[in-house]
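Examining the three-dimensional arrangement
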Amino acid sequence: MDHLQRIYKLHQIFSSARYPISRRVLEEKLECSTATVKRMIDELRLYFNAPLQYDRERNGYFYDTRQGEVFELPGLWFNANELYALLTVQQLLEQTQPGLLDDHLKPIKNRLEKILATAQLNKGEIAKRIRILRMTARNTSSEHFQSVASALLQRKRLHIHYHSRSNDQTSQREVSPQRLTHYRDNWYLDAYCHKRNALRSFAVDRIHASRPLDQAALEFDDAELDAHFASSYGIFAGQPKETAVLLFSPERARWVADEQWHPQQQGKLLADDSYELRIPYADASELVMDILKYGAGVEVLEPAALRQEVINRLQAAMEKYSEGRVGF
């Protein structure tokens with residue numbers, strides 16, 4: 001029985017007891033020493049504010065519930081590994097987007113930290129030992145992020161001023177938030193756009209103004225959202241129109257064969273240790289960039305249009321380097 005289990009069992013003993021319980025009985029029930037029982041009693045009082053009293057006449061401990069309030073331990077109970085896992089997720093969330101869901105997570109976080117203290121675990125080690133390296137993250141306004149997250153969780157519509165990088169234009173939109181997606185170190189709002197009457201993705205860092213509305217957000221079921229936002233490659237939504245067939249060299253295959261580029265991808269190792277990967281996509285823009293970063297380690301076999309687009313990009317790059325500029 002670990003420390004947390006003993007604390008929980010001690011609480012159960014006091015909660016179900018009709019009379020004060022002696023320390024000797026507690027030692028027998030918990031199968032532990034006098035010192036351990038004394039320490040757990042102190043922890044119940046100190047960390048959980050338990051109404052634990054000692055009756056000298058009966059030589060026993062009891063919960064003082066004369067005020068009519070039933071005492072319960074705070075939060076859910078986990079073992080040490082589960083607690084660390086949960087707080088690790090919380091730590092990742094804090095580092096990924098400071099302030100996200102703070103109001104919702106703070107009560108749970110405080111309770112978990114109390115439980116960690118009783119388990120004699122050092123929560124500070126999580127911050128010291130876990131690193132998140134953000135390579136392409138863009139700065140996101142905390143104000144607008146909080147507005148988006150609040151509307152999303154409260155299921156309210158949102159009025160936004162949105163600047164699109166693709167056409168360098170700013171427009172005003174009324175949207176029904178559906179999901180927040182963290183993709184390649186940046187946040188995207190998946191929403192129904194009432195201006196376009198269609199589902200759209202909005203980069204949160206491109207929202208320059210936001211205002212919550214009183215109207216309830218339109219609702220879409222998970223299957224419909226997945227079909228639109230998660231069926232094609234990358235952040236570009238929509239039903240797949242093509243399937244890319246990529247052939248990776250044996251050297252690159254050692255990495256790519258273990259990677260997931262898309263939930264519906266199909267891959268196989270070939271006799272020469274090269275790797276063939278098939279990926280559905282609707283828009284080739286992001287896929288082309290990912291292909292190019294592998295250089296000579298990958299070849300596009302199909303479709304012809306995608307192969308030609310990669311060839312064009314490589315040729316354009318070669319022309320840049322053949323202009324003869326060295327230095328500045």
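To keep things clear, this report deals only with the structure shown in the data block. The shown structure was predicted, so the numbers you read here are calculated from the model rather than taken from an experiment. (Residues numbered from 1 in each chain as written. Predicted model: local features only at pLDDT ≥ 70, side-chain atom pairs only at ≥ 80, totals over all residues. Heavy atoms only, no water.)

**A closer look at the layout of surface pockets**
Empty space among the atoms becomes apparent when a probe as large as a water molecule is rolled across them. Volume-wise, the largest pocket comes out at about 1100 Å³. Lining the largest pocket are 34 residues; nearest its centre among them are Tyr 162, Tyr 188, Ser 201, Ile 235 and Phe 236. With five residues, strand β6 (residues 198-203) is the largest single contributor of residues to the lining of the largest pocket. In this structure, the second largest pocket spans a volume of roughly 420 Å³. Per-element accounting of the lining of the second largest pocket gives the leading share, four residues, to strand β4 (residues 169-183). Along the lines of polarity and charge, the residues of the lining of the second largest pocket split into eight nonpolar, seven polar and seven charged. (1 Å grid on protein atoms, 1.4 Å probe; cavity = no way out; pocket = protein on both sides within 12 Å on 5 of 7 lines; lining within 4 Å. Points joined across faces, edges and corners; volume = space filled by probe spheres on them. Helix = DSSP H or I, 4+ residues; strand = E, 2+ residues; numbered from the N terminus. Nonpolar A, V, L, I, M, F, W, Y, C, P; charged D, E, K, R; others polar.)

**Quick word on the packing of aromatic side chains**
Counted according to the given criterion, the structure contains ten aromatic pairs. On the numbers, 5.6 Å between centres and 70° between planes, the contact of Phe 248 with Trp 261 is edge-to-face. Of this pair, Phe 248 sits in strand β8 (residues 242-248) while Trp 261 sits in the loop between α9 (250-256) and β9 (266-269), and the two are 13 residues apart along the sequence. Note on accessibility: Phe 248 and Trp 261 belong to one class, buried. Seen in terms of ring centroids, Phe 248 and Tyr 294 are 5.4 Å apart; in terms of plane orientation they differ by 80°. Their pairing is edge-to-face. Here Tyr 294 lies in the loop between α10 (285-292) and β11 (298-302) and Phe 248 lies in strand β8, a separation of 46 residues in the sequence. Of the residues examined, Phe 248 reaches a relative accessible area of 1% and is grouped as buried. Judged by its relative accessible area of 14%, Tyr 294 is buried. Following the ring pairs from residue to residue traces out a cluster consisting of Phe 14, Tyr 63 and Phe 71. (Phe/Tyr/Trp six-rings, centres within 6.5 Å; stacked < 30°, edge-to-face > 60°. Buried < 20%, exposed > 50% of the residue type's maximum accessible area, 1.4 Å probe, protein only.)

**A few points about the packing of helix α2 (residues 23-30) against helix α3 (residues 34-48)**
One way to put it is that α2 packs onto α3 with a least axis distance of 9 Å and a crossing angle of 100°. In this view, α2 runs roughly perpendicular relative to α3, as classed from their interaxial angle. Contacts between α2 and α3 involve Arg 23, Leu 26, Glu 27 and Leu 30 on the former and, on the latter, Thr 34, Val 37, Lys 38, Met 40 and Ile 41. Taken together, the residues of the contact of α2 with α3 break down into five nonpolar, one polar and three charged. (Axes fitted to C-alpha atoms, helices over the stretch in contact; angles between N-to-C directions. Parallel < 35°, antiparallel > 145°, perpendicular 65-115°, else oblique. Contact = heavy atoms within 4.5 Å.)

By themselves, these figures tell us nothing about what the structure is for.
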